[in-house]
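Listed here are the chains, written in short residue letters.
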Amino acid sequence: MKKAELVFVPTPGAGHFVSDVEFAKRLIQADDRLSVTILCMPSSPSPHHDPDPYSRSHSPLAVAASETRLRFIDLPHADPPPSGHLLHKSFDRYLLLFFEAFTSRIKDAIANLMISNPDAPPLAGLVLDFFCLPMIGLANELGLPSYLFLTIGAGILGLMLYLPTRHAQIGTALDVSDPDLELPSFANPVPVRVLPVGVTNKHGGYDAYIELAHRCREVKGIVVNSFAELEPYAVQSFADDGQTPPVYTVGPVLNLGGQAHSNRTDRDKIMEWLDAQPESSVVFLCFGSMGSLGEAQVREVALGLDRNSGQRFLWALRLPGADGKLGGAPDRTKLTEILPEGFLDRTGERGMICGWAPQMEVLAHKSIGGFVSHCGWNSILESLWNGVPMATWPLFAEQRLNAFRMVKEQGLAVEMRQNYREGGGDLVMAEEIKDAIRRVMEDDSMVRKKVKEMGEISRKAVMDGGSSSISLRRLIDDIIINHPH
């Protein structure tokens, strides 16, 4: 029986790294011929910064990976691109250059893998995250197939496959004033304002997206953390396009065990509070591993909660920290300063504010009835898996496009604000928040019914005989067939 090893190159940070680890575990659990090595890039350009607890190999998540055919290798720091003006002009271009700087480090790590253990299974390919697509050149140099693992759903893939066609015709960045786009992967015209801001950035962002878009068609296969029943229009459009590599929908790929955290006390307090609440009575507000709100916006959220008299809530609240970093949980003194006067006293019996929450575990709790979400793809899949309806509050990256798909395309979420732009004084006002919370918490809404149904479908998709299980089997067979001899 021929064995094979895959090398994963994820981008650091919880949203991507967790999905990569869970997908690697699913692969090796599905076929004992496969083993996986995950190369861990530092999330900070400086060796003097603290490591990202999610992306380093000594993280709780990595240490807990007990599979003998899964290992982690830390990569040394690389010389970062000059941050200064580039980082502020185009974050997407900066990211692309940041990850390209690790090419030599990755090449050395793969060479060491091949030399250090000559009896190890031969390498069968590189599995690359979205912003690591330039590593295709390295894969070709090493004679290895490359695969793209998209942690962010099929919507962004449809956009990426469309961009080169548009670029050949127009050749310039999109503009928010442009007409809505007719994307083959969407049933409805898509407003430019809901696309990632990089595609309208004329200082390197658009060029970065075009470079990545061209690379999407150069891989042996595209693996998507989604399932065919969730995005049928997109999946069919890929099948109809004769130029697209095979697309494998293998999701939901989720960390069902919940996120590890060093402070067990925080987790226990949250779960004990939820245990004391009535079924489906609590709205959960959480904005992801990278999300935070400014003080003015925090006050508007508090006012919205205050005006929903009697509404129970769990609010994972973090403020922006120093130097653009994510801050921790504000203490009571800080909360008293930034929240409306008397808010903590008025809501103390029906609400809880925390800095961190075990999101998957919270969403699975019987007391949770609604979710105010930033619409990161992992959060969407977790919400659907647990049958909890969302109110959409996208902040950045592809989140606006995710929200558009959930609200406009499929009716699986309640819209709060579709085109919120972080910074620049854009505020979601208290009345908008109050109204969205009221709608997402409605007991007999069509959205709640559809989310419950999709949750059941998502669980069936990964069972034996389900659409994602079949797709995963097809991927493994193709990996073995494409295996270089």
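Data block above holds the structure.
Keep in mind it's a predicted model, so treat the numbers as computed, not measured.

Visitor: Describe the sheet that holds strand S13 (residues 413-415), naming the residues involved and giving the relevant values.
Guide: Reading across from one edge, S10-S9-S8-S11-S12-S13 is the order of the six strands in this open sheet, with parallel pairing throughout. Strands at the two margins of the open sheet, each flanked by one partner only, are strand S10 (351-354) and S13. Mean inter-strand twist for the sheet, computed between neighbouring axes without regard to direction, equals 20°. Looking at chain direction, strand S8 (residues 282-286) and strand S9 (residues 312-316) are connected through four bridges and run parallel. Looking across to S9, one finds that Phe284 is bridged to Leu314. Contacting strand S12 (390-392) and S13, helix H16 (residues 399-409) crosses the sheet at an angle of about 105° to S13.

Visitor: Give me the sheet that holds strand S3 (residues 70-74): which residues, what numbers.
Guide: Reading across from one edge, S3-S2-S1-S4-S5-S6-S7 is the order of the seven strands in this open sheet, with parallel pairing throughout. Here the strands that pair on one side only, and so sit at the sheet edges, are S3 and strand S7 (247-249). Strand after strand, the sheet turns through a mean of 25° between neighbouring axes, direction not considered. Sitting on the sheet, helix H19 (residues 467-482) touches strand S1 (4-9), strand S2 (34-40), strand S4 (123-128), strand S5 (146-150), strand S6 (221-224) and S7, and the angle it makes with S7 is about 140°.

Visitor: Lay out the pairing of S9 in plain terms, naming residues and giving numbers.
Guide: Of all the five residues making up S9, four are buried; the element is thus mostly covered by neighbouring parts of the structure. Between the parallel pair S8 and S9, the chain is carried across by helix H11 (residues 295-307), and the sense of this crossover is right-handed.

Visitor: I'd like a description of the side chain of Gln410, backed by residues and values.
Guide: Mapped onto the elements, Gln410 comes out in the loop between H16 and S13. Judged by its relative accessible area of 15%, Gln410 is buried. Among residues more than four places away in sequence, those in contact with Gln410 are Leu230, Glu231, Pro232, Arg405 and Lys450.

Visitor: Describe the packing of aromatic side chains, and please don't skip the residues or the numbers.
Guide: One pass over the full model with this rule turns up 12 aromatic pairs. Summarising the aromatic geometry, the rings of Phe130 and Phe131 are spaced 5.2 Å apart at their centres and angled 80° between planes, so their arrangement reads as edge-to-face. Judged by relative accessible area, Phe131 falls into the buried class, the value being 12%. Residues Phe287 and Trp393 carry aromatic rings whose centres are separated by 5.2 Å and whose planes lie at 85° to one another, so their mutual orientation is edge-to-face. Here Phe287 is found in the loop between S8 and H11, whereas its partner Trp393 is found in the loop between S12 and H16, with 106 residues between them in sequence. Residue Phe287 is classed as buried on the basis of its relative accessible area of 4%. According to the relative accessible area criterion, Trp393 is buried, its value standing at 0%.

Cut-offs used in this document
All residue numbers refer to positions counted from 1 along the written sequence of the respective chain. Two thresholds apply to this predicted model, a pLDDT of at least 70 for residue-level local features and 80 or more for giving and counting side-chain atom pairs, whereas whole-chain, interface and lining totals are computed over all residues. To get the side-chain values, all heavy atoms of the structure are used, and hydrogens and water are removed first. Pairs of strands are assigned from DSSP output, requiring at least two bridges between the strands. The way it works is that DSSP assigns letters per residue, a run of H or I at least four long becomes a helix, a run of E at least two long becomes a strand, and they are numbered from the N terminus. Whenever a helix is involved, its axis is fitted only over the stretch in contact; in every case the axis is a line through C-alpha atoms, and angles between N-to-C directions fall within 0 to 180 degrees. Here, residues are in contact when the closest pair of their heavy atoms is within 4.5 Å. Each residue gets one of three labels from its accessible area relative to the maximum for its type: buried under 20%, exposed over 50%, partly exposed in between, using a 1.4 Å probe on protein chains only. Here is how to tell: hold the view so the strands point away, follow the path from the first strand over the helix to the second, and if it runs clockwise the crossover is right-handed. Put simply, two rings from Phe, Tyr or Trp (the six-membered ring, in Trp's case) pair if the centres are within 6.5 Å, and we call them stacked under 30 degrees between planes, edge-to-face over 60, tilted for the rest.

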